[in-house]
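Each chain, letter by letter, is given below.
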Amino acid sequence: MAELHISGELIAAENDRLLAAHKSDYEALGAHLVRRNIDIDAITNKVADFFVAVPSWGVGTGGTRFARFPGIGEPRGIFDKLDDCAVIQQLTRTTPYVSLHIPWDKADPKHLKAHADAHGLGFDAMNSNTFSDAPDQAHSYKYGSLSHANASTRTQAIEHNIECIEIGAAIGSKALTVWVGDGSNFPGQSNFAKAFERYLGSMSEIYKALPDDWRIFSEHKMYEPAFYSTVVQDWGTNYLIAQTLGPKAYCLVDLGHHAPNTNIEMVVSRLIQFKKLGGFHFNDSKYGDDDLDAGSIDPYRLFLVFNELVDAEDRGVDFHPAHMIDQSHNVTDPIESLISSANEIRRAYAQALLVDRKALSAYQDENDALMASDALKRAYRTDVEPILAEARRRSAGAIDPVATYRKSGYRERVGKERPASVAGGGGII
Ligand code: LRH
Ligand code: MN
Ligand code: MN
């Protein structure tokens with residue numbers, strides 16, 4: 001039995017209070033979907049089986065280059081972070097896995113595993129960090145890591161990644177995500193070909209250390225911290241990496257890491273078609289890598305990404321992308337943002353399941369652009385909230401998770417136990 005931070009009685013009482021209205025909404029939606037030849041329970045079951053991992057680094061208040069404004073009860077370390085992640089899982093039943101970042105979350109793997117087990121949590125992909133310097137490391141990453149011109153710096157970065165695999169293997173993770181900030185700020189500063197050659201060489205050393213049942217995800221990002229060139233800047237380079245490394249190597253798509261107006265759903269389709277889609281970092285953005293809450297700016301784009309995933313699932317494509325959130329919460333309670341993001345991600349999935357794919361395919365064949373677009377819009381316009389709530393309710397989660405969280409007083413409680421976090425001057429991710 002998992003250790004619970006929110007009282008089960010509170011969740012049950014809140015659900016009881018909301019039950020009559022919820023049942024009536026669910027029935028009304030069910031009746032509507034019958035007219036579209038859709039069985040609501042089949043959709044609810046699929047939604048209940050869909051999970052997304054939360055990032056350990058997302059439960060602390062983030063910041064910008066300029067400042068960080070911590071909230072009350074900020075997690076003091078990875079064990080508090082796991083407690084917060086357990087709350088999100090308990091209320092949503094959508095987030096049973098946590099993605100760790102090393103060295104931020106470094107701790108005895110036995111303790112990590114025991115704490116996670118006690119809270120009914122598992123671990124998704126491990127993340128390495130060679131984009132900042134750890135306090136006692138010998139070589140700086142100021143001028144790069146896996147692609148650094150100096151072999152000793154590359155070796156140090158390779159060893160760090162191998163250590164992440166070792167920690168991950170001890171706690172039940174099955175993948176390593178590698179994002180590097182390597183790049184240059186001035187034309188001429190770096191030789192593109194040589195830097196990429198060095199990166200590939202380093203990555204193939206890490207690849208060799210992967211256990212048989214592991215995958216490695218390379219994550220591309222167009223700019224930041226490097227502002228002129230980035231070694232792993234787009235999905236084309238990312239695809240070349242995955243192809244070069246071998247069958248355990250896949251591309252990770254972080255929704256905030258593309259050039260403005262990039263057709264991300266099409267990138268997703270291409271990677272699926274060529275069997276190199278490894279997974280996602282879900283978030284949303286208006287300008288750059290904003291790390292805003294999933295679905296908060298462009299929910300239609302999130303839906304279109306899921307439309308590609310469901311389309312591939314429907315065609316029987318054998319692929320297993322890792323679904324993870326990567327967000328930075330600056331002005332909200334991070335637990336609330338992650339609860340709401342997990343719901344938004346499930347919402348996009350549920351809406352994508354409602355697309356009449358037979359009709360859509362016929363419209364495409366007939367070149368009926370308007371009706372094809374309408375087939376997507378019809379699914380997207382459907383208010384699937386009763387399905388999401390029912391999926392949560394059936395697995396002992398909350399019908400209204402944010403309201404129940406607020407009522408639980410969890411934040412105030414941990415606020416008393418955890419010392420106030422000091423406001424920062426920036427430089428925090
Ligand atoms: C880089 C990134 C990457 C890091 C995380 C903290 O922008 O998306 O995934 O590991 O942020
Ligand atoms: Mn990311
Ligand atoms: Mn990012």
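Residues numbered from 1 in each chain as written. Chains lettered and ligands numbered in written order. Predicted model: local features only at pLDDT ≥ 70, side-chain atom pairs only at ≥ 80, totals over all residues.

## Observations concerning the overall build of the chain
A count of helical and extended segments in the chain gives 15 helices and twelve strands. In summary, the chain has a C-alpha radius of gyration of 22 Å against a globular reference of 22 Å for 429 residues, a match within 12%. Dimensions along the principal axes, computed over C-alpha positions, put the chain at roughly 65 × 60 × 40 Å. For the chain, the residues scored as buried account for 47% of the 429 residues in total. (Helix = DSSP H or I, 4+ residues; strand = E, 2+ residues; numbered from the N terminus. Rg over C-alpha atoms; globule rule 2.2 N^0.38 Å. Buried ≥ 20, exposed ≤ 12 C-beta atoms within 10 Å, placed from the backbone.)

## What about the sheet that holds strand S12 (residues 322–325)?
Spatially, S3-S5-S6-S8-S10-S11-S12 is the arrangement adopted by the seven strands of the open sheet, whose pairing is parallel. Since the sheet does not close on itself, it has two edges, and those belong to strand S3 (101–102) and S12, each with one partner. When strand S6 (residues 175–178) meets strand S8 (residues 215–219), the two strands line up parallel, connected through four bridges. Residue Leu176 lies in a different strand from S8, and its bridge partner there is Ile216. Helix H5 (residues 151–171) contacts S3, strand S5 (126–128) and S6 of the sheet and is inclined by roughly 160 degrees relative to S5. (Pairing = 2+ DSSP bridges. Contact = placed C-beta atoms within 7 Å. Axes fitted to C-alpha atoms, helices over the stretch in contact; angles between N-to-C directions.)

## Looking at the sheet that holds strand S2 (residues 97–99)
Strand order in the open sheet formed by three strands is S1-S2-S4, with parallel pairing between adjacent strands. Of all strands in the sheet, those with a lone pairing partner are strand S1 (54–55) and strand S4 (122–123), marking the two edges. Taken together, the two bridges between S2 and S4 define a ladder with parallel strand orientation. Bridge pairing in S4 links Val98 to Phe123.

## Some words on the pairing of S6
By the alternation rule, side chains of S6 split into Ala175 and Thr177 and Leu176 and Val178, which are all buried. Pairing of S5 with S6, which is carried by two bridges, proceeds in the parallel orientation. Across the sheet, the residue bridging to Asn127 is Thr177, located in S6. A crossover links S5 with its parallel partner S6, the connecting element being H5, and its sense is right-handed. (Right-handed = clockwise from strand over helix to strand, strands pointing away.)

## Describing the environment of Gly168
Secondary-structure assignment places Gly168 in helix H5. Taking the C-alpha atoms as reference points, Gly168 and Ala125, 43 residues apart in sequence, are found 7.9 Å from one another. Not counting residues up to four positions away in its chain, the partners in contact with Gly168 are Phe123, Met126, Ser173 and Leu176.

## A few points about the confidence of the model for the chain
Here the chain shows a mean pLDDT of 97. Residues at 70 or above account for 99%. For this predicted complex, the interface confidence reaches an ipTM of 0.99, while the overall pTM sits at 0.97. (pLDDT = per-residue confidence, 0-100.)

## Overview of the packing of helix H10 (residues 334–353) against helix H14 (residues 401–408)
Two elements in contact, H10 and H14, have axes separated by 10 Å at closest approach and are oriented at 160 degrees. By the angle between their axes, H10 is roughly antiparallel relative to H14. Classified by chirality, the crossing of H14 by H10 is right-handed. On H14, the residues touching Ile335, Glu336, Ile339 and Ser340 of H10 are Pro401, Val402 and Tyr405. Grouping the constituent residues of the contact of H10 with H14 by class yields five nonpolar, one polar and one charged. (Parallel < 35°, antiparallel > 145°, perpendicular 65-115°, else oblique. Left-handed = near helix turned anticlockwise from the far one by under 90°. Nonpolar A, V, L, I, M, F, W, Y, C, P; charged D, E, K, R; others polar.)

## Examining helix H1 (residues 8–34)
The first and last C-alpha atoms of H1 sit only 34 Å apart over 27 residues, clearly below the 39 Å expected at 1.5 Å per residue. The principal kink in H1, of about 55 degrees, is found at Leu19. Listed as buried for H1 are Ile11, Glu14 and Leu29. Buried residues belonging to H1 abut helix H2 (40–48), helix H13 (385–394) and H14. (Expected span 1.5 Å × (residues − 1). Bend = angle between axes of the 7 residues up to and from the residue.)

## Examining the packing of helix H6 (residues 192–208) against helix H7 (residues 235–245)
It is at 10 Å that the axes of H6 and H7 come closest, and there the two elements cross at 50 degrees. It follows that H6 is oblique to H7 by the angle criterion. Once H6 is placed against H7, the crossing between them reads as right-handed. Contact residues: H6 offers Leu200, Met203, Ser204 and Tyr207, while H7 offers Ile241, Thr244 and Leu245. Residues that form the contact of H6 with H7 fall into these classes: five nonpolar, two polar and no charged.

## Description of the nonpolar core
Counting 104 residues, the largest nonpolar core has Ile88, Val98, Cys251, Phe306, Ala350, Ala352 and Ile387 as its most contacted members. In terms of residue count, the dominant contributor to this core is H10 (ten residues). Ignoring sequence-local partners within four residues, the contact set of Ala350 consists of Ile43, Val47, Val384, Ile387 and Leu388. (Core = buried A, V, L, I, M, F, W, Y, C linked by C-beta atoms within 7 Å.)

## Observations concerning the UniProt feature "domain: Xylose isomerase-like TIM barrel" (unreviewed entry) in the chain
Per the UniProt record, the feature "domain: Xylose isomerase-like TIM barrel" (unreviewed entry) sits at residues 100–291. For the annotated span residues 100–291, helix accounts for 36% and strand for 17% of the residues, and the straight-line distance between the end C-alpha atoms is 17 Å. (UniProt positions renumbered as here; feature names shortened; annotations may be inferred.)

## Here we look at helix H9 (residues 299–314)
At 3.6 residues per turn, the α-helix brings residues three or four places apart onto the same side. In a regular helix each residue adds 1.5 Å, so 16 residues correspond to 22 Å; H9 covers 22 Å between its end C-alpha atoms and thus fits that length. Where H9 is buried, its residues contact helix H8 (264–273), H10 and helix H12 (369–381). Positive phi shows up at Gly316, right after H9, with a value of about 75 degrees.

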